[in-house]
Amino acid sequence: MATKAQDPKEQAEELAQNEKALAEQVAVLADGSRRERQQAAALVAQVARINPEAVVAHAAALVDALNRPEAQTRWEALDALTELVPHDSRTCDKGVAGAETALFDEDSGPVRLAAMRFLCRLGATTENRSEKVWPLIDEGIQCYHGDLEFPDMLLAVIDFSAGKLSPTVKQELVDRMTFDATNGKGGLKKRASAIVENASR
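Small disclaimer: the values here were computed from a predicted structure and weren't measured. (Residues numbered from 1 in each chain as written. Predicted model: local features only at pLDDT ≥ 70, side-chain atom pairs only at ≥ 80, totals over all residues. Heavy atoms only, no water.)

## Regarding the overall build of the chain
- Across its full length, the chain holds 13 helices and 0 strands.
- Its helices and strands in sequence order give the chain the pattern α-α-α-α-α-α-α-α-α-α-α-α-α, from N to C terminus.
- Projected onto its principal axes, the C-alpha positions of the chain cover 55 × 30 × 25 Å.
- Counting every position in the chain, which comprises 201 residues, the buried fraction comes to 50%.
- Looking at the chain alone, contacts between residues at least 24 apart form 66% of all its contacts between residues at least 6 apart.
- Of the roughly 9,900 Å² of accessible surface on the chain, a fraction of 48% belongs to carbon and sulfur atoms.
- Counting 24 positive and 32 negative side-chain charges, the chain places the centres of these two groups 2 Å from one another. (Helix = DSSP H or I, 4+ residues; strand = E, 2+ residues; numbered from the N terminus. Buried < 20%, exposed > 50% of the residue type's maximum accessible area, 1.4 Å probe, protein only. Contact = heavy atoms within 4.5 Å. Areas by Shrake-Rupley, 256 points an atom, 1.4 Å probe, with all protein chains shown as cover. Lys, Arg positive; Asp, Glu negative; His and termini not counted. Charge placed at Lys NZ, Arg CZ, Asp CG, Glu CD.)

Next up, the structure:
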């Protein structure tokens, strides 16, 4: 098993090939100390980026990890779930409530950004899901306009806008972003314009 000095990416690559060791890391998400949970969540998220299929069996544990008090465990769990959406969207559906709480976490920008990425990835999969998550995405766009994380949030919304959205969500997304697409400057204008263009198709 990995040593503490080992590179996290190397460790994640090993875990992706070792179901027993990966399951042990996932168990820490529920039973470890705050620091242990954070380290385990970071590793599991890295595994999900390398080999999401290896983590699919642990999707429910990642949803549960959204209830932990520390920010890092939650944003790493959200990052992992975002990678799992194409592989197990039904279990990911159960993460919406935790993602909603994370989206409006007043203390952690990374948690808010991770929640927006997850909701956008999930909402892009079907028209029904787009309608389910759109009110949260819409509120997030309004709440965090101008915040440090907002440009990265809009990158997630661009991906959402290119997904399988219902006609109602497409129109409301266009309505929400038209002002910035018309009157914004620089990166904001560019991102907002891309969203409007995608949602208008």
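Having seen it, we continue.
## Details of a negative patch on the surface
- Taken together, the side chains of Asp-7, Glu-10, Glu-13 and Glu-14 present a region of like negative charge at the surface.
- On the secondary structure map, Glu-13 appears in helix α1 (residues 8–16). (Patch = residues over 30% accessible without salt bridge, like charges linked within 9 Å, V, L, I, M, F, W, Y side chains within 5 Å. Salt bridge = Lys/Arg side-chain N within 4 Å of Asp/Glu carboxyl O.)

## Focus on the packing of aromatic side chains
- Going through the model one piece at a time under the given rule, you end up with 1 aromatic pair.
- Each ring, one from Trp-134 and one from Phe-160, has its centre 6.3 Å from the other, and the planes form 5 degrees; the classification is stacked. With Trp-134 in helix α10 (residues 127–143) and Phe-160 in helix α11 (residues 150–161), this residue pair connects regions lying 26 residues apart in the sequence. Across the pair, Phe-160 and Trp-134 agree in class, each one buried. (Phe/Tyr/Trp six-rings, centres within 6.5 Å; stacked < 30°, edge-to-face > 60°.)

## Observations regarding α1
- Taken together, the buried positions of α1 are occupied by Gln-11, Ala-12, Leu-15 and Ala-16. For α1, the buried positions fall inside an angular range of 140 degrees around the axis, keeping them on one side.
- The elements touched by buried residues of α1 are α2 (19–31), α3 (34–50) and α4 (52–55).
- Near the N-terminus of α1, the side chain that reaches the backbone nitrogen of Lys-9, with its oxygen 2.9 Å away, is that of Asp-7. (Arc of directions from axis to C-beta. Polar contact = N/O pair within 3.5 Å; in protein donor to acceptor, adjacent residues only side chain to side chain.)

## Side note on the nonpolar core
- Leu-62, Phe-118, Leu-119, Ile-137, Phe-160 and Leu-173 are the most contacted members of the largest nonpolar core, which totals 65 residues.
- Ranked by the residues each element gives to this core, the list is headed by helix α9 (residues 109–123), at 9 residues.
- Once residues within four sequence positions are removed from consideration, Phe-118 is found in contact with Leu-78, Leu-81, Thr-82, Val-85, Cys-92, Gly-95, Val-96 and Ala-99. (Core = buried A, V, L, I, M, F, W, Y, C linked by side-chain atoms within 4.5 Å.)

## Digging into the pattern of salt bridges
- Inspection of the entire model under this criterion finds 8 salt bridges.
- Among the salt bridges present, the one from Arg-68 reaches Asp-64, with a minimum N-O distance of 2.4 Å.

## Regarding the side chain of His-58
- Mapping His-58 onto the fold places it in the loop between α4 and α5 (59–65).
- Taking the relative accessible area as the measure of exposure, His-58 reaches 11% and is therefore buried.
- If we ignore the near neighbours within four places in the chain, the residues touching His-58 are Glu-19, Leu-22, Ala-23 and Val-26.

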